[in-house]
Amino acid sequence: MISAPYRRNPWILAGGLWLGLAYAFMFLPLVVLVLFSFQKNRFPGFPLQGFTLQWYDKLFSDGTLLKALGNTMVVSPAAATVATVIAFFAAYAFNRFTFRGKTTFLALVTLPILIPPLILGVGFLGLLARLHLSGTLFAVFLTHVVLITAPALAIIQLRLAQMPAALEEAAWDLGATEWQAVTKVVLPFALPGIFGAWLLAFTFSFDEFIIAWFVSGFQPTLPVAIYSVLVAAIDPSLNAIGTIVFGISCLVLIGLELVLLPLLVGRPDNQS
Amino acid sequence: MTNTASPSKRLKTPNDSPLKILFLAPLGLWLAVLFLLPLAFLLWIGFWRVENFQAVPAFSFGNYAEIFASFFSKSRYGLALVQSLWVAITTAAVATILSYLVALSIAFAVPGRWQRLALLLAVAPFWSSYVLRLYSWQTILSRNGVINSVLKQVGLSDYRIDIIYTQIATRIGLIHYLAPILIVILYVSILAIDKVLIEAARELGCTRWQAFTRVILPLSRFGLMTAASFAVIVSLGDALSGNLLGGGAGASIIGKLPTYASMIMSDYSSSTNLPRTSALATILIAVMVLALAFGFVATDRAHRRTS
């Protein structure tokens, strides 16, 4: 697509320049977060005042944010796992069967990510308060599953759509039951998609704020706890927890890059 | 989501199997109980009453009457709604244009084998926590924050950027949140354009600019519309950026007013009047449906005029 004579073209140059600016804008907050987590300044600004680990120290001795991180690390993996299981079953059914109302069903699945979480949060609170479930981590788990099933389903469907139908048919012809074909042929084939879906679902739940704000009560997830610290005062330990969270995200991102992007944009060699 | 294989390829698959219902049931149940039911509840609770700080089932238009009675005066929900629409639409426009330029740059200015890395870099910030990114923007934009202290250091202390706790700061936070998603949507839609068309245009004597305005831009219209409406919906529903960067009631051309989403959040946390909060949320749903319908009609008209 891009050939040699493109090189010294002003448009290409402008594009490269714009890309550089865009990256600077995108990464500025992350750089600032990490930089000031190691700085002595109470109020982040220049000139820099030297290296310190006191904010990490404060973070670990204080414990509120770590407890919230713990809450999140319970809820998000659980929600991601349940959502991925539900999504795999549904993706398989959508991929293999035809039935009336399929399009409507698919649209209905997508709806939870299109409706603003703020509205869903109020709705969840209304229902869960009636069921005396609000204010618990279990409530956050229940509601997050709804929210993150659609992205997980989309990823797994993408993977299953790449599976030749003959693969499964061969298994049936060789005497496998339908269930055996699912567990021994379809599941292994879908595994990268399932892994990618889990990671995506996990990150969506990990970062979800407003629903958790409405339903979590006195067991806040990490974003909710960070928010309540934030509105109270400037606290550089937020930089420290931010750096830790950023580290976790980097791990997830590497996982996603290895699994998800090849599924989404295709391999680089069949693009050109 | 709908890219299931075409039925012709799947003729040999038996369609009647217990797995069909068994596999769809968990999703259906979860959606019915924990998505449709809460939404129905939201609409219903809007008509409840509050007695002794307890929400009581009833059917009255009291909440709506109360809200609309002070729509532009005391509680100024209406002005917050106008503020929200103003912020959301301008944010969506700016974010979509900037992201489109990024997507174009990745697709045309980056050599093929580096494109995936370029896209990954653009998406990477999305995987850091939104609340923390907003906190970081606070430290960057605040009065004695990163930008202003840098300006002071380099001897430009006469200039200072004073946009923290204005809706401009709100927009910066929103654009930073939206950009990765918009870039992916727009990049995919540019990628879907048949390269042969662009090459043909160039070979027939189009300049690069003409190839862009006559081939690439019209063919990415659908992606642009998707991106823009997504940005409007997200911006309308987001309270975080307005609360943390806009400082609740951020200054703007319209005045020092919060966005509607911020107002719903603060209204609930100060009163815990769930029926009224539900009514406010219902009004937001109505506004969003209207905004989407308006956008749909507008693009449909534009589409008919050009084709």
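Residues numbered from 1 in each chain as written. Chains lettered and ligands numbered in written order. Predicted model: local features only at pLDDT ≥ 70, side-chain atom pairs only at ≥ 80, totals over all residues. Heavy atoms only, no water.

Within an unreviewed UniProt entry, the label attached to chain B reads ABC transporter permease, and the organism entered is Rhizobium sullae. Under Sequence similarities (unreviewed entry), UniProt gives the following word-for-word description of chain B: "Belongs to the binding-protein-dependent transport system permease family. CysTW subfamily." (UniProt positions renumbered as here; feature names shortened; annotations may be inferred.)

If you check an unreviewed UniProt entry, chain A appears there as ABC transporter permease from Rhizobium sullae. Checking UniProt for chain A, the heading Subcellular location (unreviewed entry) contains the comment "Cell membrane".

Chemist: Looking at this structure, I do not really get the overall build of chain B. What am I missing?
Modeler: Along its length, chain B carries 13 helices and two strands. Considering only contacts in chain B between residues 6 or more positions apart, those separated by 24 or more positions represent 68%. A total accessible area of about 14,700 Å² is found for chain B, and carbon and sulfur atoms account for 69% of it. Here chain B carries 24 positive and 11 negative side-chain charges, and the mean point of each set is 4 Å from the other. (Helix = DSSP H or I, 4+ residues; strand = E, 2+ residues; numbered from the N terminus. Contact = heavy atoms within 4.5 Å. Areas by Shrake-Rupley, 256 points an atom, 1.4 Å probe, with all protein chains shown as cover. Lys, Arg positive; Asp, Glu negative; His and termini not counted. Charge placed at Lys NZ, Arg CZ, Asp CG, Glu CD.)

Chemist: Even after reading the chapter, I still don't get the packing of aromatic side chains, so can you show me in this structure?
Modeler: Here the distance between the centres and the angle between the planes together describe a pair of aromatic rings. Per the stated rule, a full pass over the model turns up 32 aromatic pairs over all chains. Centre to centre, the rings of W179 of chain A and F23 of chain B are 6.2 Å apart; their planes meet at 75°, and the pair counts as edge-to-face. Taken together, the residues W179 of chain A in helix 8 (residues 178-207) and F23 of chain B in helix 1 (residues 18-45) connect one chain to another. You can call F23 of chain B buried: its relative accessible area is 3%. With a centroid separation of 5.4 Å and an interplanar angle of 5°, the aromatic rings of W198 of chain A and F202 of chain A are classed as stacked. (Phe/Tyr/Trp six-rings, centres within 6.5 Å; stacked < 30°, edge-to-face > 60°. Buried < 20%, exposed > 50% of the residue type's maximum accessible area, 1.4 Å probe, protein only.)

Chemist: Please clarify how unusual backbone geometry should be interpreted in this entry.
Modeler: The bulk of non-glycine residues show a negative phi, and the bulk of peptide bonds are trans. Positive phi, normally seen in glycine, also occurs at H132 of chain A, with a value near 55°. Of note, H132 of chain A is situated in the loop between helix 5 (117-130) and helix 6 (137-160). Look at H132 of chain A and you get exposed, because its relative accessible area is 72%. Of note, Y165 of chain B is a non-glycine position whose phi angle comes to about 65°, a positive value. Within the secondary structure layout, Y165 of chain B lies in the loop between helix 6 (146-153) and helix 7 (167-191).

Chemist: Which parts of the structure should I look at to understand the UniProt feature "transmembrane region" (unreviewed entry) in chain B?
Modeler: Residues and elements named next belong to chain B. UniProt's entry tags residues 21-47, 85-110, 117-135, 174-194, 215-236 and 279-298 with the feature "transmembrane region" (unreviewed entry), counted in the numbering of this structure. This span, residues 85-110, is 96% helix and 0% strand, and a straight line between its end C-alpha atoms measures 36 Å. Taken end to end, residues 279-298 is 100% helix and 0% strand, and its two terminal C-alpha atoms sit 29 Å from one another.

Chemist: How do you make sense of the UniProt feature "transmembrane region" (unreviewed entry) in chain A when you look at a structure like this?
Modeler: Taken from the UniProt record, the annotation "transmembrane region" (unreviewed entry) applies to residues 12-38, 74-94, 106-129, 135-156, 185-204, 210-234 and 241-265 of chain A. The span residues 135-156 of chain A shows a helical share of 91% and a strand share of 0%, and its end C-alpha atoms are spaced 32 Å apart.

Chemist: Help me understand the interface of chain A and chain B in this model?
Modeler: A common way to express how large an interface is: the accessible area buried when the components associate. Opposite the 109 residues of chain A that make contact, chain B presents 105 residues. Buried area between chain A and chain B, both sides added, is near 9,500 Å², and the carbon and sulfur share of it is 78%. Taken together, chain A and chain B are joined by zero salt bridges. The leading source of residues in the side of chain A that touches chain B is helix 1 (residues 10-37) of chain A, at 17 residues. Classifying every residue of the side of chain A that touches chain B by side-chain character gives 83 nonpolar, 17 polar and nine charged. (Buried area = accessible area lost by both parts, 1.4 Å probe. Salt bridge = Lys/Arg side-chain N within 4 Å of Asp/Glu carboxyl O. Nonpolar A, V, L, I, M, F, W, Y, C, P; charged D, E, K, R; others polar.)

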